Amino acid sequence: MIVAEDSVLLRMGLVRLLEERGIDVVAETGTARGLLELVEAKRPDAVLLDVRMPPTYTDEGVRAAEAVLARRSGTGVLLLTQYVETSAAVQVLARSPEGFGYLLKDRVADPDELCTALKRVAAGESALDPDLVARLLRRRRTQGALDRLTDREGQVLALMAEGWSNDEISRRLRVGAKTLETHIRSVFTKLGLEPDAGANRRVLAVLRYLRA
């Protein structure tokens, strides 16, 4: 794991938190500059990266995330941000969605949630902050794109977009596997998307639809 965060105190806290939970931090940095070279040298499973980094504190982290993911080296990227910035997340998702995650810094208060997200992106899956997914869904609903979905189908779509497996969605919604499969088929039919057996591809298809 590589931690890239310009705030020294937060970076130290993240490193300690991860190491206490058995996650090996092979490097840390306070800038996005040179991150790609550091990834190539250390070959980490994932990078924990702030969206706003020096020198301009705008999109340095986003551009670094795209560069790391574009190399297809098997390194996942989890972006941390202070605010819900849908444009930044969608920009990365559109180009390199596999192994990408996006969390608000508030989630760091829950170490288990942070570590789970890191493990998911390291495994090539997605891990999106629920607030980000909710904003995307609200934006599309305002434009009428999701009006055909029932409330339950909307819940299923939101959890799929966050990257959860069918088993986890069933547990959270307290529905059986067959019932969930019916909801998923209905979601894809209404959105004009072909269902896919791979959970990650299904999530990517939904996210690409949301971006359309």
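Fair warning: this is a prediction, and the values are worked out from it, not measured in the lab. Numbers given for residues are sequential positions, taken from 1 along each chain in its written order. In keeping with the predicted nature of the model, local features appear solely for residues at pLDDT of at least 70, side-chain atom pairs appear and are counted solely at 80 or more, and the whole-chain, interface and lining totals rest on all residues. As a convention, hydrogens and water are excluded, and side-chain values are obtained from all of the structure's heavy atoms.

(A) View of a nonpolar patch on the surface. Nonpolar side chains (Val, Leu, Ile, Met, Phe, Trp, Tyr) are joined into patches within 5 Å and like charges within 9 Å, using only residues with over 30% relative accessible area and no salt bridge. Only the protein chains shown count as cover for residues, and the accessible areas themselves come from Shrake-Rupley with a 1.4 Å probe. Every case where a carboxyl oxygen of Asp or Glu lies within 4 Å of a side-chain nitrogen of Lys or Arg is listed as a salt bridge. Nonpolar side chains collect at one region of the surface, where Val 8, Leu 9 and Met 12 lie side by side and expose about 330 Å² of accessible area between them. Note that Leu 9 resides in helix α1 (residues 8–20). Exposure is judged per residue with a 1.4 Å probe applied to protein chains only, and the accessible area is read against the type maximum: over 50% gives exposed, under 20% gives buried, and values in between give partly exposed. With a relative accessible area of 71%, Leu 9 lands in the exposed category. Comment: elements are numbered from the N terminus, with helices defined as DSSP H or I runs of at least four residues and strands as E runs of at least two.

(B) Representation of the environment of Ala 122. The topology assignment puts Ala 122 in helix α5 (residues 111–122). Accessibility expressed as a relative area gives 30% for Ala 122, which makes it partly exposed. Contacts are assigned to residue pairs with any non-hydrogen atoms lying within 4.5 Å of each other. When neighbours within four sequence positions are excluded, Ala 122 is seen to be in contact with Asp 45, Ala 46 and Gly 74.

(C) Inspection of the packing of aromatic side chains at higher detail. Aromatic pairs are defined between Phe, Tyr and Trp rings, using the six-membered ring for Trp, whenever the two ring centres lie within 6.5 Å; interplanar angles under 30 degrees are classed as stacked, those over 60 as edge-to-face, and all others as tilted. One pass over the structure, following the stated rule, counts zero aromatic pairs. Any Lys NZ or Arg CZ that is within 6 Å of a ring centre and within 35 degrees of that ring's normal is treated as a charge sitting over the ring. The ring centre of Trp 164 lies 4.2 Å from the NZ or CZ of Arg 120, which sits over that ring. If you follow Arg 172 out to its NZ or CZ, it ends over the ring of Trp 164, 4.1 Å from the centre.

(D) Region of interest: the pattern of salt bridges. Overall, the coordinates contain eleven salt bridges when judged by the stated rule. A salt bridge links Asp 59 to Arg 63; its shortest N-O distance comes to 3.2 Å. You can call Asp 59 partly exposed: its relative accessible area is 30%. On the basis of relative accessible area, Arg 63 is assigned to the partly exposed category, the value being 46%. Glu 153 is the partner of Lys 190 in a salt bridge, and the nearest nitrogen-oxygen pair spans 2.9 Å. One end of the pair, Lys 190, is in helix α9 (residues 177–191); the other, Glu 153, is in helix α7 (residues 151–162), and 37 residues separate them in sequence.

(E) Structural detail: the sheet that holds strand β6 (residues 127–128). As summarised here, the arrangement of the six strands in space is β2-β1-β3-β4-β5-β6, forming an open sheet in which the pairing is parallel. With partners counted over all chains shown, the strands left at the sheet margins are β2 (27–29) and β6, one partner each. At least two DSSP bridges between two strands are needed for those strands to be called paired.

(F) Expanded view of the pairing of strand β4 (residues 76–81). In terms of burial, β4 is largely enclosed, as six of its six residues are buried. Burial along β4 is two-sided: Gly 76, Leu 78 and Leu 80 facing one way and Val 77, Leu 79 and Thr 81 facing the other are all buried. Taken together, the five bridges between strand β3 (residues 46–50) and β4 define a ladder with parallel strand orientation. Within β4, the position partnered with Val 47 by the bridge is Val 77. Note: β4 against strand β5 (residues 100–104), five bridges, orientation parallel. Across the sheet, the residue bridging to Thr 81 is Leu 104, located in β5.

(G) Representation of the packing of α7 against helix α8 (residues 166–173) within the structure. Between α7 and α8, the least distance of the axes is 10 Å, while the angle of their chain directions is 135°. With respect to α8, the element α7 is oriented oblique. Crossing handedness for the pair α7 and α8: right-handed. Residues Arg 152, Gln 155, Val 156, Leu 159 and Met 160 of α7 form the contact with α8, whose own contacting residues are Ile 169, Arg 172 and Leu 173. Residue polarity is assigned by list, with Asp, Glu, Lys and Arg as charged and Ala, Val, Leu, Ile, Met, Phe, Trp, Tyr, Cys and Pro as nonpolar; anything else, Gly included, falls into the polar class. The class makeup of the residues in the contact of α7 with α8 is five nonpolar, one polar and two charged. Here, axes are lines fitted to C-alpha atoms. For helices the fit covers the stretch in contact, and angles between N-to-C directions go from 0 to 180 degrees. Roughly parallel means an angle under 35 degrees; roughly antiparallel, over 145; roughly perpendicular, 65 to 115; everything else is oblique. Left-handed describes a crossing in which the near helix is turned anticlockwise from the far one by less than a right angle; the clockwise case is right-handed.

(H) Layout of the confidence of the model for the protein chain. Confidence scores here are pLDDT values: one per residue, from the predictor, ranging 0 to 100. Mean pLDDT over the protein chain works out to 82, with 81% of the residues at or above the 70 mark. Within the protein chain, helix α10 (residues 199–211) has the poorest average pLDDT of any element, 59, and strand β1 (residues 2–4) the best, 96.

(I) How the structure looks around the nonpolar core. Leu 35, Leu 49, Val 77, Leu 79, Phe 100 and Tyr 102 are the most contacted members of the largest nonpolar core, which totals 28 residues. The biggest single contributor to this core is helix α3 (residues 60–70), with five residues. In this structure, Leu 49 is in contact with Ala 4, Leu 35, Gly 61, Ala 64, Ala 65, Val 77, Leu 78, Leu 79 and Leu 80, ignoring residues within four places of it in sequence. Nonpolar cores are built from buried Ala, Val, Leu, Ile, Met, Phe, Trp, Tyr and Cys residues. Side-chain atoms within 4.5 Å join them into one set. With 20 residues, the next largest nonpolar core counts Val 3, Leu 14, Leu 17 and Val 25 among its residues.

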